[in-house]
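Observations on the model geometry
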Amino acid sequence: MVDVLNTFVAIILSVVALTPIFLLVTLLNRSKISQGTDPAVIKRLEDMDTTIATDTNIALETVSAKLEDLELRLADLEDQRTTVSGFKSKK
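To keep things clear, this report deals only with the structure shown in the data block. (Residues numbered from 1 in each chain as written. Predicted model: local features only at pLDDT ≥ 70, side-chain atom pairs only at ≥ 80, totals over all residues. Heavy atoms only, no water.)

**Things to note about the pattern of salt bridges**
Selection criterion: Think of a salt bridge as a Lys or Arg side-chain nitrogen and an Asp or Glu carboxyl oxygen that are within 4 Å of each other. The helix and strand labels rest on DSSP assignments: H or I over at least four residues marks a helix, E over at least two residues marks a strand, and numbering proceeds from the N terminus. Summary of the burial criterion: residues with accessible area below 20% of their type's maximum are buried, those above 50% are exposed, and those between are partly exposed, where the area comes from a 1.4 Å probe applied to protein chains only.
A complete count under the given rule lists two salt bridges for this structure. For D47, the salt bridge is made with K43, and the minimal N-O distance between the two is 3.4 Å. Of this pair, D47 and K43 are both found in helix 2 (residues 39–80), four residues apart, which corresponds to roughly one turn of the helix. For D47, a relative accessible area of 37% puts it in the partly exposed group. K43 sits in the partly exposed class, given a relative accessible area of 48%. Between D69 and R73 there is a salt bridge, with its nearest N and O atoms 3.2 Å apart. Here R73 and D69 lie together in helix 2, a separation of four residues that amounts to about one turn. The partly exposed category is assigned to D69, whose relative accessible area is 34%.

Okay, here's the thing in structure tokens:
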């Protein structure tokens, strides 16, 4: 049942993700307006792209460090876990 639900959700998410891309490509292909691109605009967009990529990498490194810390804590807890002994059943 879980596999069916996961498949259904994956199909819906792929449709939600692919439909806007398809519509954008269709609209761009239909519009034949030729405009000159200003090099300053391209440079600004490249700078913004670099900033976004850098910030994303920093965020991913932070998440990765926190996950590694969590894994270490879980490993320590597993090492500390002991079996309780000494209980006797009453007859």
